[in-house]
Structure formats: structure tokens, C-alpha cells
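Understanding the architecture of this molecule
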Protein chains: 2
Amino acid sequence: MTKPQRIEPRTLKGFRDYPPEVMIPRERLMETARKVYRSYGYAPIDTPALEYLEILTGKGSDETDKQLYRFKDHGGRDVGLRFDLTVPLARFAAQHAQQLGLPFKRYHIAPVWRGENTQRGRYREFVQCDFDTVGTTALASDIETVLVIHDLMRAIGFERFTIRVNHRGVLNGLLETLGLAECSTEVLRALDKLTKMGADKVRAELAATAGASDEQSDKLLAFAGVTGSAEEVLAIVGPLVAGSERGEASVTRLYQVLAGFTAAGAEADRLRIDPSIARGLDYYTGLVLETTLDDLPDIGSVASGGRYDDLAGLYTNQTLPGIGASLGVDRLLAAMEELGLVGDARTPADALVVFFAEDRLGDYLKLAASLRTAGVGAELYPDAKKLGVQLKYADKKGFRLAVIAGPDELARGECQIKSLATGESTTVPLNEAPATALKLL
Amino acid sequence: MTKPQRIEPRTLKGFRDYPPEVMIPRERLMETARKVYRSYGYAPIDTPALEYLEILTGKGSDETDKQLYRFKDHGGRDVGLRFDLTVPLARFAAQHAQQLGLPFKRYHIAPVWRGENTQRGRYREFVQCDFDTVGTTALASDIETVLVIHDLMRAIGFERFTIRVNHRGVLNGLLETLGLAECSTEVLRALDKLTKMGADKVRAELAATAGASDEQSDKLLAFAGVTGSAEEVLAIVGPLVAGSERGEASVTRLYQVLAGFTAAGAEADRLRIDPSIARGLDYYTGLVLETTLDDLPDIGSVASGGRYDDLAGLYTNQTLPGIGASLGVDRLLAAMEELGLVGDARTPADALVVFFAEDRLGDYLKLAASLRTAGVGAELYPDAKKLGVQLKYADKKGFRLAVIAGPDELARGECQIKSLATGESTTVPLNEAPATALKLL
């Protein structure tokens, strides 16, 4: 007999499996996000993973174009896997604008694919978790976007976080007052490097690319380095942009966002004005925002976004302004793990019902069903194996309770409920098992 | 000025967008499925959409091979998009067997892709929703699989449904007693056509392909056509397989599944033994099951599955038996819609907070936040437009309540809560708005 040829079970480079202990907190995070998004009236949508290639290459940068997974489908069409959820949103909004009605508030949680260089520690498949309000330039939408992130951070369990906002018009206003309005791209690019390269190098770059004088660079660096409470920063930035209509309007908008944030009951301390935030050069046009965890600043922003003037100009002549943000799912999960906000259970059920006496299967099934009816997740071990084997399984999987009943206990109408954390156990009548389990959880 | 070139916003043939009114019930269904799966200890996993081509073509049939979306990735690897969740489960179980521990209970809800002929009304991207217990041949797992479907149907809101089970060994036992054991494939193939083609044509095919005599065909057709309660069917089928060890054991197993189903508190009427269920020719080896809705029999099975001997033989020499089933997500949603189990709301929020007085934005934000804190989803209309515009928006989106407060009402610390179904409205103090809204929902 020839040995059957085995295929090596492996995942593609840059891709990963999500086993239960990883997937359980991921699902919980997604559920929390959905719950908060919904509470603000954002509605779910989904779009195909595959799109016409022209849809995807139309909007992306050279870098995303290069990373696109593209091929010809069975009908010879040029197609690609989506690399983000913004391009599909733009295509979707343009295609269905009539039926949707504006403003249109949607969330979208789905995988995207990029043929990235995996040496940078990046994955080629990852989940994005976006929410956007399309079709309005309203202040209320700016405030709501910040509030959603605030509520979400708290719902996840983070207490020490800071939402950092800026307005693209503030810097543009400053550039107007400095007479550097034509060089905004060069200035933004230089200032973006402040944290990494330091003031001297940025000063040199400002001189080289934007022709900035020392005095102009001083003001730009002073602006980018402003710190303090939101009120303090605005009090410093306001005078710097005085005389620029756009600059003044943008500072006013930031004051209004701050006022709305606190009116809704959020703590003012959790919102900061940070003039160093730019978030890319072209796409965003108004409020921009990032979110950092006070205990893990190095992890970077865990929720970022901003306001744009024109979502779908490539696909429609209808101008669709909007504002949105995206959760950094992998960063959030890493942070939650580091801060002890996730467990390591490999099971979503609370209790393992130990299967002892083979001829009493019906009793165990009934017991497990009564636990579930009470809201206690209950797995019945499928085989009548030794207690030790089943308790080892319970331990490995991370069950919190074991419900144990041998033939004698069943005959007396009783079972033991054992806490696997403390090892303590209580004997109770079978019909009280659900209430006792609930108490122990 | 030249007009900018627009790209036509469109989805690929065979693909579809899910707008809010479609996605809201889909998400609710997935959440119900997750909740029931978890309550039995099934844990979530996810796997990459892209796999090495050899993983996917190893297990699939010629038909799935032909439908595979395949291409070369950036590294020149032959890759493909998964066409189901069973092959990835087999690969996953083989790859991680050591760390997982057996039995391994997982659910997996994710999209799959098949380059199907769309003329058959099929989509090229659809969501599968599977659960499996891997690594045990236990009776308890058979019973639990049936119970999961039972609980899920009820949790969705179906009351009139029938889970139809069979055991592959029953027919094989009958074939043994008839001396037709060598022709099981031919017989299965012929019997599978009974509903479509009628008894005479099946009789002819049985004679032609399996060489069955009239007497043999009579018994096979009598067997396939048996009806009645589970007990009645078993009482008829039992004697037909008497003498075949496998047949007798299979009938016993069906009796035990029935006993376990009712022991767990399910109504016996909801489980039927249906000898006509075969579910494919090769993969399943034990219990097989389908689920039909009594009010919509033509829609076909909405949850199907069965027991297999060897999940991952292509990828490992470890024998992994198991049992699992899959929800027909699109069929279930179509049925839910037809039976009035889904609404047509385009928003997941309950209440629209009307934005009246532009200078009172803070009051509206506070009001909306208080509703959310009480568990009432509340969207704030972003612009201070006319009441009529906002109520039309509320109506189009399907909000159930509008919360309305003009400057005078705000000055008095009051708001109106209007039911959009009945048109009735109540004026209450602002701090009682959440409680009143909850009462009206």
C-alpha cells in the first residue's frame, strides 16, 4: 500500500489564523464597536471583497496600487481585492445615493488585503472598523465623531485615553498670515517629522522646501509644539491665526467641538487640541483626530479620522462631504492585552458539565439545557471519560465552572458546582444549579 | 476646463452590496447564531480568505476547482480564495492540532467565493455560518448538533420547523440485507431523485445502474418513502435492517438522538427521521440532517450537516472524526422576511433627536447622550433644518420615535416624544425623556 500524499497544512506568508483565544476578544471588541456605533444611529453596510480594478486604482495612491491583489476573473474582467473600506464606501455612496438619503451614517467592519512588505511586521489581511457620516458639513457630526470614540474607549474598558484633535484650517490660516499659503504641502510634510527628527532638521527642511525664513519657522515650530489643555492651546493658537478668515473659523470650530464634547457629559480632559496632528496631506480638509492611550503612548493612535470635502468625486458629480474615523483593531487588541483587559479563555462558555455516568446522558443534557436557559453558557463533555481528563480539559479551555454529578448525586437529585479558579465546590439540588452558577460567575 | 473623467460606480456581476435595510437583519441573525453557538461552548475562529492553491484544490470536487478564484500573488505563489469553510477548518485543525486539544468545538462565520454561473440565481460571494465538533465520535455531539439548530431556530423566532435526520448506516444496512452493498453510490444517486422524478423513473434507474430486482426496488422505495413520527419511522425501518450489524447500530443511534433531544426539553415533534435524506455521496458517514420550515417547505433546508469520519486526512495522518452543520444564511433571511420576522428599518437607532434651535446644540447633545445611557439608541439630526425635513428623514430611515424640543420647550426643561408609528406625542420633563422613550419602545 502506498502512503497517501499529504499536503502540508500552512498559511500564506503575511496571513494568520485566529484561534479561539485570539478570536474571542476580537469578536467582543467588534460587538462593542457595533453597539456604540448603533447607539448613534450608524447603520451597518457591507460591500464585495472583489471590485472592478478601475474602482480600486482610481482612488488609491501609487503605494496602494502596488500592493493590490489583482487578477482576471472567470469572465476575463480585471478585478482586485479591496485594500480599504473608504474606496468601497465612496463607490457605494455614489452608486446608491438616491436610495440612501442624506445624511448617511454607516459603519463597516470587514477584512481588507494589501500585498505589504511583511518585514515591517504588517499583515497582508486585516480587519478595518470604520464609521462615517456622509452628506453634511455640520458641526454636530464633528462632535458626534469625537463622542463615538469617547464612548467606545470607555465601553472597551479604557479609562485613561486622550482624543487629540486639530483642524486643517488652523495651520492653513497660520500659513496665510505668514504668507506661506502656497507651500502648505511642503510645510505639512516638514512638520510631520517634528517628533522623529527634531526641531533643527525640520527648520532646515522648511527653509529648503518652503523657503521659510527663521522668523516664519519660529512661528511654525511654536505652533506645532503648543501644549496644554484644549482651552490653553486655543488661547495661544487663536492670536497666531488672527486676520485669516479660515484660520479664525477653524479655531472657532475647535472651541465648538470642545463645548459640545463637554455638553454631552464627557470630561474635558479627555479632549486635547494638538496642532501637530495632520493625518496625511490631501484627503482631510477639516477636523482631524487621533486617539492615544495614556498608559501606552508608544502604541500610536488607536482611533483616527477626520473631515473631508468630497468623498466620491471619482464616481459621481454629487459633492459628498463627510467625516469619519477608523479603529486600529490590532493595536486596540494589543493594548487591551497589555492592560489586562482580556482574558485567555479558549471557550466562550462559562461552565463545563462533566459527563460521568454513560447511562445518564439524558440527565446531563437536561442539566446543561437548564444552565443555558438561565443564561449560563454550558458545554457538555461529549464522552464519559475519567474526571481528571475532563477537569484537565476544562482547565486548558479556561472554563470558570465545572458542574459535576456522579450516579449517586444524580440519584439524590444533586450536583456539585466547582469554581475552577478557587477550587471550591458547593453541592446543590439540580434545579438550583443555574442560580448557583450565576452567583459564582 | 475639461470635465473630470468619472468612473462608473458598479459592483461586479454576481456580487452585491448590502445596504442598511439588508445588513441590519443579517447582523442580527449572525449575532443570534453566535449567541447560541457560544452557549454550547463552540468557540469562534477565523482563517485567511486566501490560501495556498494546493490546500484548496486538494479537497474540493472538480466543480469547486473550476469555480475557484485563483491567481499568483506578489511572490509568485499560486493562491486562491476559499470556496467554503470546511477546507480551511481541516487545514486549521491539522496545523494546530497540538495546541487546540480535543474535542475542538468551533464556529466560523465568514464570506466564501465561487465563480458560479449567476444564471442559476447564485451569488459569487456569500457568507457561511458553520459550527463543528471535531475529535469525537460521541453520541452526545450528535445530539448537541441537533439541539443547537433547535435552539437557534427558536432564538430567531421560528416556531414551526422540522429537523430531519437520517443515518448513513441505515441505508447501508438495508443494502447489506438486500445484497446490494456494493452499489450504494448508484442506489443513493437514484433515491436522491425520488422527489423530483417520481418512483417509476427511480425504479428504472435502480434496475439500470444497480441491477436491482423489482423486489429490491420495492423495499428501497418503501424505505425512502417512510413517513410518520420519529418513533413510527424507526419502528418500520428497524425490521428492514434487521440482521445487518451496521444497520441495527444506526437505528439504535437514531433512537438515542431522539431520546437525548427530548431529554434536553425539546419537543419530539420537531425531530423527524427521514430516510430520504442523504446529503451528498461521500463526505458524511453517520448522522445527516436538514431543517425545513413548516410554513415554507419549498425554500429547502435552512440548516444542514452531518457526521464525518475523517476531516483532515489530506493534511495530517491524525484521524479527526467530527460532526457539524451550516446555516443557509440567505435562505434563512429570505424566510424571515417572508414570515414577517424582520422589519425594514434603515437605522439601528430607536430615536431621532430633532435639531431645532441652532444655538441650543449643547442641549440636544446632552439629551441624546441621556437617551443612550438609558439604552435608547439616539441619533441627533446634524443640521437645524425645518421640522418637516427632519421628520421625513426619520420616517424614511424607520426611526420609531422622534424627540422634539424647540427653544420654548427647552426653556421650560421639556421635550416631546412622538411615536412615529401612531403619531401620538407626549410632553415630558427632559430628565424623564429616557424612561418615557423606553416605555414607548
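Residues numbered from 1 in each chain as written. Chains lettered and ligands numbered in written order. Predicted model: local features only at pLDDT ≥ 70, side-chain atom pairs only at ≥ 80, totals over all residues. Heavy atoms only, no water.

The criterion, for reference: UniProt positions are given in the numbering used here, feature names are shortened, and annotations may be inferred rather than shown by experiment.
In the nomenclature of an unreviewed UniProt entry, chain A corresponds to Histidine--tRNA ligase from the organism Botrimarina mediterranea. The UniProt entry for chain A carries this comment under Catalytic activity (unreviewed entry): "tRNA(His) + L-histidine + ATP = L-histidyl-tRNA(His) + AMP + diphosphate + H(+)". Its UniProt record, at the heading Sequence similarities (unreviewed entry), says of chain A: "Belongs to the class-II aminoacyl-tRNA synthetase family."

What about the interface of chain B and chain A?
Applicable threshold: Here, residues are in contact when the closest pair of their heavy atoms is within 4.5 Å. Note: buried area is the sum, over both parts, of the accessible area (probe 1.4 Å) each one loses when the two are combined. Salt-bridge detection follows one rule: a side-chain nitrogen of Lys or Arg within 4 Å of a carboxyl oxygen of Asp or Glu. Polar contact is defined as a pair of N or O atoms within 3.5 Å, subject to the rule that within protein one atom must be able to donate a hydrogen and the other to accept it, and that residues adjacent in sequence are counted only when both atoms are side-chain atoms.
Each side of the interface is counted separately: chain B has 104 residues, and chain A has 104 residues. Of all residues in chain B, I7(B), R10(B) and L12(B) give up the largest surface area on contact with chain A, accounting jointly for 8% of the area buried on that side. Summed over the shared surface of chain B and chain A, the result is twelve salt bridges. Among the salt bridges present, the one from D17(B) reaches R91(A), with a minimum N-O distance of 2.6 Å. For the interface between chain B and chain A, the tally reads 44 residue pairs in polar contact (both at pLDDT 80 or more).

Some details on the relation of the copies chain B and chain A
Condition: Least-squares superposition of the copies uses the C-alpha atoms of those residues scoring a pLDDT of at least 70 in each of them.
Taken as rigid bodies, chain B and chain A are interconverted by a rotation of 180° and an axial shift of 0.0 Å, the fit giving an RMSD of 0.1 Å. Accordingly, the operation relating the two chain copies is best matched by a two-fold axis. Relative to the rotation axis, the C-alpha of F71(B) is the closest in chain B, positioned 3.1 Å from it. Interface overlap between copies is the fraction of interface residues in one copy that are interface residues in the other; for chain B against chain A it reaches 100%, indicating a shared surface.

Brief notes about the sheet that holds strand 6 (residues 125–134) of chain B
Residues and elements named next belong to chain B. Definition in use: When DSSP locates at least two bridges between a pair of strands, those strands are taken to pair. Helix and strand assignments come from DSSP, with helices taken as H or I runs of at least 4 residues and strands as E runs of at least 2, each series counted from the N terminus. Comment: axis = line fitted to C-alpha atoms, over the contacting stretch for helices; angle = value between 0 and 180 degrees taken between N-to-C directions.
Taken together, eight strands build an open sheet; the order of strands is 1-5-6-11-10-9-7-8 and the sheet is mixed. Two strands bound the open sheet, and with one partner strand each, they are strand 1 (43–44) and strand 8 (271–273). The strands that helix 12 (residues 245–263) touches are strand 7 (161–167), strand 8, strand 9 (287–293) and strand 10 (303–308); relative to strand 7, the one it contacts most, it runs at about 150°.

Notes on the UniProt feature "binding site: L-histidine" (unreviewed entry) in chain A
Residues and elements named next belong to chain A. Keep this limit in mind: Each residue is assigned to one of three classes by its accessible area relative to the maximum for its type, calculated with a 1.4 Å probe on protein chains only: buried under 20%, partly exposed between the two thresholds, exposed over 50%.
The feature "binding site: L-histidine" (unreviewed entry), as given by UniProt, occupies D84, L85, T86, R114, Q128, D132, R279, Y283 and Y284 in the numbering adopted here. The residue Y283 is located in the loop between strand 8 (271–273) and strand 9 (287–293) in this model. Accessibility expressed as a relative area gives 27% for Y283, which makes it partly exposed. Accessibility expressed as a relative area gives 16% for Y284, which makes it buried.

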